[in-house]
Amino acid sequence: MANNNQNRPRTQNVLEALFMSAMNKLENVGKQLNVLKVQLDLNIGEVQLYDDRETLLEKNIIFDWTNLPVKDLHQCKQQTNSIRVALIDLKRRNFFENPVIIKPFSVIFADDNFVEIEKIFTLADNEYVSEGRLMKNMEQDLQNFYKKLFADAK
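Definitions and limits used
Residues numbered from 1 in each chain as written. Predicted model: local features only at pLDDT ≥ 70, side-chain atom pairs only at ≥ 80, totals over all residues. Heavy atoms only, no water. Phe/Tyr/Trp six-rings, centres within 6.5 Å; stacked < 30°, edge-to-face > 60°. Helix = DSSP H or I, 4+ residues; strand = E, 2+ residues; numbered from the N terminus. Buried < 20%, exposed > 50% of the residue type's maximum accessible area, 1.4 Å probe, protein only. pLDDT = per-residue confidence, 0-100. Contact = heavy atoms within 4.5 Å. Lys, Arg positive; Asp, Glu negative; His and termini not counted. Salt bridge = Lys/Arg side-chain N within 4 Å of Asp/Glu carboxyl O. Polar contact = N/O pair within 3.5 Å; in protein donor to acceptor, adjacent residues only side chain to side chain.

### Regarding the packing of aromatic side chains
Summed over all chains, the structure comprises four aromatic pairs. Centroid distance Y50 to F114: 4.9 Å. Interplanar angle 85°. Geometry classified as edge-to-face. Taken together, the positions of Y50 in strand β2 (residues 46-50) and F114 in the loop between β4 (101-110) and β5 (116-124) put the pair 64 residues apart, joining distant regions of the chain. Like Y50, the residue F114 is buried in the burial classification. Seen in terms of ring centroids, F95 and F96 are 5.2 Å apart; in terms of plane orientation they differ by 75°. Their pairing is edge-to-face. Residue class for F96 comes out buried when judged on its relative accessible area of 2%.

### Description of unusual backbone geometry
A negative phi holds for most residues other than glycine; trans holds for most peptide bonds. The omega torsion of the bond from K103 to P104 falls at 5°, within 30 degrees of zero and hence cis. On the secondary structure map, P104 appears in strand β4. The backbone of N94 sits at a positive phi, close to 60°, despite the residue not being glycine. As for its placement among the helices and strands, N94 is situated in the loop between α2 (77-92) and β4. Not every positive phi belongs to a glycine, and F114 is a case in point at roughly 65°.

### Regarding the confidence of the model for the chain
When pLDDT drops low, the exact placement of atoms in the prediction is not to be read closely. Averaged over every residue, the pLDDT of the chain is 81; the share at 70 or more is 75%. With pLDDT under 50 throughout, residues 1-7 is counted as low confidence; its partners more than four residues away or in other chains account for one contact. The model gives residues 128-134 a pLDDT under 50, and that stretch makes 24 contacts with residues more than four places away or in other chains.

### Some thoughts on the side chain of E46
With respect to the helices and strands, E46 occurs in strand β2. The side chain of E46 sits in the buried core without any salt bridge; K59 is the nearest counter-charge, 4.3 Å away. Within the structure, E46 has its side chain in polar contact with the side chain of Q48 (distance 2.7 Å). Each residue touching E46, except ones within four places of it in the same chain, is listed here: Q39, L40, D41, K59, N60 and I61.

This is how it looks when you write it as structure tokens:
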């Protein structure tokens, strides 16, 4: 366990640099973005960032992820949580206050066919939501509220 804690800052730094590099590339070509897609190659520990047109923006190997026993993308909680933490840290440093970013902005974790597995990070109107569209357990409450509110509209 101690090894994971020692490696966490290095992994976070690599992830943050990866996102910053991708945004710099977009800024240099004058392109804007509202969806960033993240893919993982679990065999080599590589993180790949794609724009909304599925064009590769940046990639890097996270050496701490190269020998993980998890080989199913749907079981990559440690990796998606590390990515989420890096994105939240970038948010705290106002990294997403960039003309490249169009809000609402989302970072999604996708499989090899670019099908969404999980929404990792969302920004909307200067507010971030770490998972999904709303905080955990709040979406169903909101849906129930709307059903009651608009019950007469049917």
